[in-house]
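Coordinate inspection notes
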Amino acid sequence: GTPQWVSGVTGTALRSNGSNAVFLPSISSRTDLVGGFDSGKAILMAWIYPTSYTPGLYSCFASGFPGMLYLCINPSRQLQLMVNAPGQGNGNYWPASTGTIPLNKWTHVAFLLEAGVGYTFYIDGKLDRRVSEPLIRVANMGGQSGIGSSWTVAGEWFIGDVDSVCAYHAGI
C-alpha cells in the first residue's frame, strides 16, 4: 500500500498499517560509511509508536542499514535485530534488549554496534543492555534498506508510526 505521512515527534512520521513501507536506495553494503568491517561503529536510532502487535511475529521498523539486517520488536516485545558475529552459529547473531516496548506510546530506541567490542541498547535515553561480544562485526548484511518492514520475511510489518530513523558512524 501507499505510505501515509502523519504528525510525529519531530515533524512527520511514516504510518505503517501492516501492508506498506518506504524502501530506500540500498545502503546495507556501505560498511565504509560507519568505519568498516573490523573497526566500525554504527548507531541506529528511531522514534517508534507501535499500535498493534501480530502474535508470534516480529514487528520490523527498519531494515538494511550498515551492519544491521533489520531492527524489530520481537514476540516478547523486546527490541531485536540481526547482526554478524563470525563464530556465533552460522555467523548471524540476534541480540535482544532486556526492556520491552509499550503499545500506543512514543518510545525512542537506539542500538549501538561496535566491531570487536559488542553492542548496546538504549530505550527512551536510558541504558537498557550492554553486551561484550568480541566476535561482532559491522558486516554487509545485504538487502533492501527500508522503514516499516523487514524485506526478508512476509508478515513482519510494523503497525504504528515511525519517526526520525537515523544511522550514524559514532558512539554514544
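These remarks concern the structure in this document. None of the values given here were measured: they were computed from a predicted structure.

With that settled, consider the pattern of salt bridges. What the rule picks out here adds up to three salt bridges. Ionic pairing is found between Asp161 and Arg15, a salt bridge with its closest N-O pair at 2.8 Å. With Asp161 in strand E15 (residues 159–168) and Arg15 in strand E2 (residues 12–17), the pair connects residues that are 146 residues apart, well separated along the chain. Taking the shortest distance from any N to any O, the salt bridge between Lys105 and Asp124 comes out at 3.0 Å.

On to the pairing of E2, then. Two faces belong to every sheet, and in a regular strand the side chains alternate between them. Bridge count between strand E1 (residues 4–7) and E2: four bridges; the pairing is antiparallel. Across the sheet, the residue bridging to Trp5 is Leu14, located in E2. With antiparallel pairing between neighbouring strands as the criterion, E1 and E2 make up a hairpin whose turn holds four residues, including Gly11 at a positive phi of roughly 145°. In this sheet, E15 lies alongside E2 in antiparallel orientation, the contact comprising four bridges. Bridge assignment links Asn17 to a residue of E15, and that residue is Ile159.

Looking at the secondary structure, you find Gln80 in strand E7 (residues 78–81). Using a relative accessible area of 10% as the deciding quantity, one classes Gln80 as buried. A distance of 3.4 Å separates the side chain of Gln80 from the side chain of Tyr58, its partner in a polar contact. If we ignore the near neighbours within four places in the chain, the residues touching Gln80 are Tyr58, Tyr70, Leu71, Cys72, Asn74, Trp94, Pro95 and Ala96.

For the rest of this paragraph, the subject is unusual backbone geometry. A negative phi holds for most residues other than glycine; trans holds for most peptide bonds. Unlike most non-glycine residues, Arg77 shows phi in positive territory, near 70°. Structurally, the position occupied by Arg77 is in the loop between strand E6 (68–73) and E7. Assessed through its relative accessible area of 35%, Arg77 is described here as partly exposed.

Turning our attention to the side chain of Ser97. For Ser97, the location among the structural elements is in strand E10 (residues 96–100). Those residues within four positions of Ser97 in sequence are excluded, and the remaining contacts are Gln78, Leu79, Phe121, Ile123, Asp128 and Arg129.

So, on to the packing of aromatic side chains. When we look at a pair of aromatic rings, we describe it by the centre distance and by the angle of the planes. This structure, assessed with the given rule, holds four aromatic pairs. Both rings, one in Tyr119 and one in Phe121, keep their centres 5.9 Å apart while their planes meet at 80°; by these two values the pair is edge-to-face. A single burial state applies to Tyr119 and to Phe121, both of which are buried. Put simply, the rings of Phe111, Tyr119 and Phe121 touch in pairs and so form one group of aromatic residues.

What follows concerns the nonpolar core. Of all hydrophobic cores here, the largest spans 30 residues; its most connected members are Ile48 and Phe61. It is strand E4 (residues 41–52) that provides the largest number of residues to this core, a total of four residues. Dropping the residues within four chain positions of it, Ile48 is found in contact with Phe61, Ile73, Ile101, Lys105, Trp106, Thr107, Val109, Phe158, Asp161 and Val162. By size, the runner-up hydrophobic cluster in this structure holds five residues, among which are Cys60, Tyr70, Cys72 and Met82.

Paired through their backbone hydrogen bonds, the strands of a sheet run either parallel or antiparallel. One open sheet accounts for seven strands, arranged E1-E2-E15-E4-E11-E12-E13; its pairing is antiparallel. Either end of the sheet is taken by a strand with one partner, and the two such strands are E1 and strand E13 (126–132). Across the sheet, the mean angle separating the axes of adjacent strands is 25° when strand polarity is ignored.

Thresholds, definitions, all that
- Residues numbered from 1 in each chain as written.
- Predicted model: local features only at pLDDT ≥ 70, side-chain atom pairs only at ≥ 80, totals over all residues.
- Heavy atoms only, no water.
- Salt bridge = Lys/Arg side-chain N within 4 Å of Asp/Glu carboxyl O.
- Helix = DSSP H or I, 4+ residues; strand = E, 2+ residues; numbered from the N terminus.
- Pairing = 2+ DSSP bridges.
- Buried < 20%, exposed > 50% of the residue type's maximum accessible area, 1.4 Å probe, protein only.
- Polar contact = N/O pair within 3.5 Å; in protein donor to acceptor, adjacent residues only side chain to side chain.
- Contact = heavy atoms within 4.5 Å.
- Phe/Tyr/Trp six-rings, centres within 6.5 Å; stacked < 30°, edge-to-face > 60°.
- Core = buried A, V, L, I, M, F, W, Y, C linked by side-chain atoms within 4.5 Å.
- Axes fitted to C-alpha atoms, helices over the stretch in contact; angles between N-to-C directions.

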